[in-house]
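# Residue-level structural notes
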Amino acid sequence: MRETRTVPVAPKIERKASAALGRNVLNSLQSFPRGMECIDPLGLGIIDNRSLRLITDKLESSPSKADRESVDSNLREKLLYFSEKFDPKLFLSRIHRDTAAADLEAGAHALKSDLQGRTLQRKQLVKENFDCFVSCKTTIDDIESKLKRIEDDPEGSGTSHLFNIIQGVSLQANRAFEPLFERQAQAEKIRSVQGMLQRFRTLFNLPSTIRGSISKGEYDLAVREYRKAKSIALPSHVGILKRVLEEVEKVMHEFKGMLYKSMEDPQIDLTEVENIVRLLLELEPESDPVWHYLNTQNQRIRGLLEKCYIDHEARMETLQNEKRERALSDAKWRKIQFQSNDGFPNTLGDVDVLVESHPMDVIGEEFDALRGKYIRRLTAVLIHHIPAFWKVALSVFSGKFAKSSQVSADVNVNANAKSDEKVTDGKYSSHSIDEVAGMIRNTISTYEVKIQNTFHNFEDSNILCSYMSDAIKEIFKASQTFEAKESAPPVAVAALRMLYSEITKIYILRLCSWMRSCTEDISKTETWIPVSILERNRSPYTISSLPLAFRSILASTMDHINLMIQSLRSEASKSEDIYLLLKETQESIRLAFLNCFLDFAGHLEGIANQVSQTRAGREDSLIQNGYSHETPEESTDVFPGSVVNSYQKLLMVLSNIGYCKDELSYAMYNKYKHIWKSRGRTEDDTDIRDLVMSFSGLEEKVLEHYTTSKASVIRNAIVNYLLDSGINWGGLPAVKGVRDAAVELLHTLVAVHAEVFAGAKPLLDKTLGVLVEALIDTFLSIFSEQENKDLKSLDANGFCQLMLELEYFETILNPYFTPDARESLKSLQGVLLEKAIESVSEFVENTGHARKSTRVGEDALGDERQGAVSPDDLIALAQQYSSDLLQTELERTRVNAACFMESTPLDTVPESAKAAYASFKGPLDSPTRGYRSQQSIGSPVYNQNRRR
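Notes on the structure follow. Source: prediction; values computed, not measured.

Let us look at the overall build of the protein. Within the protein, the regular secondary structure consists of 32 helices and zero strands. Here the protein, with 948 residues, has 41% of them falling under the buried criterion. A separation threshold of at least 6 residues defines the contact pool for the protein, and within that pool the share at least 24 residues apart is 78%. Per element, the accessible surface of the protein, about 52,200 Å² overall, is 52% carbon and sulfur.

Laid out in structure tokens, this is it:
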């Protein structure tokens, strides 16, 4: 035999082999002699049975469906060189599809050379042994001819005659020994059955043996007996053995069901689970026992969650029934009390129907306590069961669980396999740890739904109680437990973190909503009772309890929100989604905080509008009935110590607004801005500035209500001062001092000063400044209205009287004179001077020189009789009266005017009256005196009168 060589397969197929080379190789293969050993005819290697089996197995295991279908029973014969069905083309396409063209060419050449050598050898063999071949052929032919002649001769020693004789002897023997043969056959059958029974004795005893082992708890022995029975080769024609095996299968089926059932025991130990799984895997179960156990545990956890829900609903229903029974009992008791009173009509009717017709609301702390307990039980189920469940799953899929059982279920099928071909994957290898993670995630989803539904049912009235915050703590505790090593899959940890963040956000938003709703509620119950200076922390604003109640609500709510935000910040660093949720929550808190202040400002504005409307309606009613505007206001529904007067109520509203603007807004904003503040944020100053501007605008509105009302009172006082005092300004006697009417007019501002000082001290200067402007403007307005009526004439004495009293007002009210008020005062003095000059000129024209002299100012009046009175003379006369009488009048009325010179009321400083007088020394050099000096030199009014 020629020595063969093995040529390695080329790494790349040379696709462009020439057509001639292909034809030569095919011709060589077709001419290759059959019956040779499996030598590659191309000289590229030996093709033995093992190599051919590997080739066919590779083709059969190919993922291509076409390749699998092409491998049939004839493929092996077509690839074997000694087969008559050898296909050279198929051989080349299958065996040498990766062989290089050069190697194929060399193989074809070697094949031709070998074929030629073999042909020459056969020729040489025939040539050398030709005589032997001829002799053997002759001898064989002779033997064949003699055998044919003997067989054809009936009388000779042929086999036909012998056959007939032997057949006769056989018939006689059969007739003689037939009963014996029958009994022998029966005995053989009996011995066969006895042998079979003896042989399969263990098999017949197997059902009872397995039952006994199972009842004793010897599960491993039962499994071994079953596997031993399965390994016995049974004859197919014996039906009783099949029935015995069916009974064994029935027993083992019950045994497997018992094992599956035992895995559902919640108290089962993990070691026992591993043993059960091992036994089930050896019994070739229909389903994966490990996956069955994992599914069972997951269903048990979900069942515990559902049980918590059912128990919670039962407790809620029980509590609701108790409340209904309590309400029914109370209603019956009230009915008995009503019926016991003689003559009292029974208006309650049927109590049972009345109570049942009104369904009981599940509200109150008792219901919220049950909801909190329900959330704690749900969380306890997760904390107690999920980590243990996940650790079992990790041990299963990491190979640490039931290692001894990780063998193939097809033990009998692979019994003849080699020892090095072991299967190490269990039947549960078709599942993955991700499927378990998804299973746990679905359980967490059920938990999420129950938590969210229950959390939404918490009552807002108990929002500051611990029920909601405790529920959030329970969720956080579960999240922390899941974050421990090998306690839960990452998807479950992320889900609980997100649930905690979402529930925290819901709680914060509900706190914000509750804060705004409580602000609206407290605004409806203004008591109008001023709080003490200690309660308002020595604030100069005389506020009511409303801002303090607002501050209390705001502080308690923001403190709760602050705690929630702190915990949410710690979770935001672990997840981008939670970080974005935190930013949204912070922005919502900021807007809710600012809107709460704006809501409170709106409620204060509504209170002020209501007070103004009530006052206006009461004044209209009093005017229609003929009463004065100053009739005291009375109310039957007031609290002891509360403010009743509408003006004082407006001042209290102003104090509340000022307190919020100057103190409360800054204090609360600076205290809680860290909740939503982030680095680089520039909106903080804008927020507080906008907030203060809102309160400032509201303060202007309410102050306008107050000053408008007081301006009306001042107008009435000025009307009394100018028109209703019974004075004739065209024929006034000599000036003796400040009239009582002027002091009464001043008392109006004194009352305002006292009222504002006590009710809204920081707004004192602003309020009096507005009212002083209103005072002067009202003077101008009345002079303009009554110019041709009651004030159509103003003599020199009237002019001097008004100038003295105006300077008296200016001196006392000097701290509150604004530039606009001073300009208005100058205009008023000019109007008076113009009116006086006009009246004097008319008087001179009408009376000539017939007017008698008066006791005072005879020189000036003498010039008047001569028609030579000038504005300078009137101004000089008014200055003379002012120099002579103003200081005396200030001394006389110092008590009346002392409040305008002191920052505190006179009753708190008993000895301040004299000190207040010292402030009157300097006002003689007031701006009005400068005005009079300029007027005497050449004022616009004076020049205008000159031109006229």
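Time to look at the packing of aromatic side chains. In the structure shown here, the tally under the stated rule is 17 aromatic pairs. Centre to centre, the rings of Phe476 and Tyr500 are 5.1 Å apart; their planes meet at 45°, and the pair counts as tilted. Of this pair, Phe476 sits in helix α17 (residues 466-482) while Tyr500 sits in helix α18 (residues 490-523); the two residues are 24 residues apart in sequence, bridging distant segments of the chain. On the basis of relative accessible area, Phe476 is assigned to the partly exposed category, the value being 27%. On the basis of relative accessible area, Tyr500 is assigned to the buried category, the value being 3%. Between Phe593 and Phe597, the aromatic rings sit 5.3 Å apart at their centres with planes inclined by 65°, giving edge-to-face as the arrangement. Of this pair, Phe593 and Phe597 both sit in helix α20 (residues 576-624), four residues apart, which is roughly one turn of that helix.

Once that is clear, we can look at unusual backbone geometry. The backbone of Glu486 shows a phi angle near 55°, a positive value even though the residue is not glycine. Relative to the assigned elements, Glu486 resides in the loop between α17 and α18. The residue Arg538 is not glycine, and still its phi comes out positive at about 60°. Structurally, Arg538 can be placed in the loop between α18 and α19 (545-572).

Here we take up the environment of Leu664. Along the chain, Leu664 turns up in helix α21 (residues 646-672). Here Leu664 falls in the buried class, since its relative accessible area comes to 2%. The residues touching Leu664, leaving out its near neighbours within four places in the chain, are Pro547, Phe550, Arg551, Phe597 and Tyr659.

Attention now goes to the pattern of salt bridges. By the definition in use, this model includes 29 salt bridges. Among the salt bridges present, the one from Arg377 reaches Asp311, with a minimum N-O distance of 3.2 Å. Placement of Arg377 in helix α15 (residues 365-397) and of Asp311 in helix α13 (residues 289-340) is noted, with a sequence separation of 66 residues between them. The salt bridge partner of Glu483 is Lys574, with a shortest N-O separation of 3.3 Å. Here Glu483, found in the loop between α17 and α18, pairs with Lys574, found in the loop between α19 and α20; they are 91 residues apart in sequence, far enough to count as distant.

Below, the discussion takes up the nonpolar core. Residues Met558, Phe593, Leu722, Phe779, Phe799 and Phe900 are the most contacted members of the largest nonpolar core, which totals 196 residues. When neighbours within four sequence positions are excluded, Leu722 is seen to be in contact with Ile727, Trp729, Phe779, Ile782, Phe783 and Leu802. Within the second largest apolar cluster, nine residues are counted, among which are Leu75, Tyr81, Ile95 and Leu104.

A few words now on the packing of helix α10 (residues 219-231) against helix α11 (residues 239-262). Between α10 and α11, the shortest axis-to-axis distance is 12 Å and the interhelical angle comes to 145°. As α10 packs across α11, the resulting crossing turns out to be left-handed. In this structure, α10 uses Tyr219, Val223, Tyr226 and Lys230 to contact α11, whose residues at the interface are Val248, Glu249, Met252, Phe255 and Met258. The class makeup of the residues in the contact of α10 with α11 is seven nonpolar, no polar and two charged.

This next bit is on the packing of helix α23 (residues 740-759) against helix α24 (residues 764-785). The packing of two helices is summarised by the inter-axis angle and the distance between the axes. Interaxial distance between α23 and α24 falls to 10 Å at its minimum, and their mutual angle equals 160°. Judged by the angle between their axes, α23 and α24 are roughly antiparallel. Remark: the crossing between α23 and α24 carries right-handed chirality. For the pair formed by α23 and α24, the contact residues are Leu745, Leu749, Val752, His753, Val756 and Phe757 on the first element and Leu764, Thr767, Leu768, Leu771, Leu775 and Phe779 on the second. Tallied by class, residues from the contact of α23 with α24 come to ten nonpolar, two polar and no charged.

Conventions used here
Residues numbered from 1 in each chain as written. Predicted model: local features only at pLDDT ≥ 70, side-chain atom pairs only at ≥ 80, totals over all residues. Heavy atoms only, no water. Helix = DSSP H or I, 4+ residues; strand = E, 2+ residues; numbered from the N terminus. Buried < 20%, exposed > 50% of the residue type's maximum accessible area, 1.4 Å probe, protein only. Contact = heavy atoms within 4.5 Å. Areas by Shrake-Rupley, 256 points an atom, 1.4 Å probe, with all protein chains shown as cover. Phe/Tyr/Trp six-rings, centres within 6.5 Å; stacked < 30°, edge-to-face > 60°. Salt bridge = Lys/Arg side-chain N within 4 Å of Asp/Glu carboxyl O. Core = buried A, V, L, I, M, F, W, Y, C linked by side-chain atoms within 4.5 Å. Axes fitted to C-alpha atoms, helices over the stretch in contact; angles between N-to-C directions. Left-handed = near helix turned anticlockwise from the far one by under 90°. Nonpolar A, V, L, I, M, F, W, Y, C, P; charged D, E, K, R; others polar. Parallel < 35°, antiparallel > 145°, perpendicular 65-115°, else oblique.

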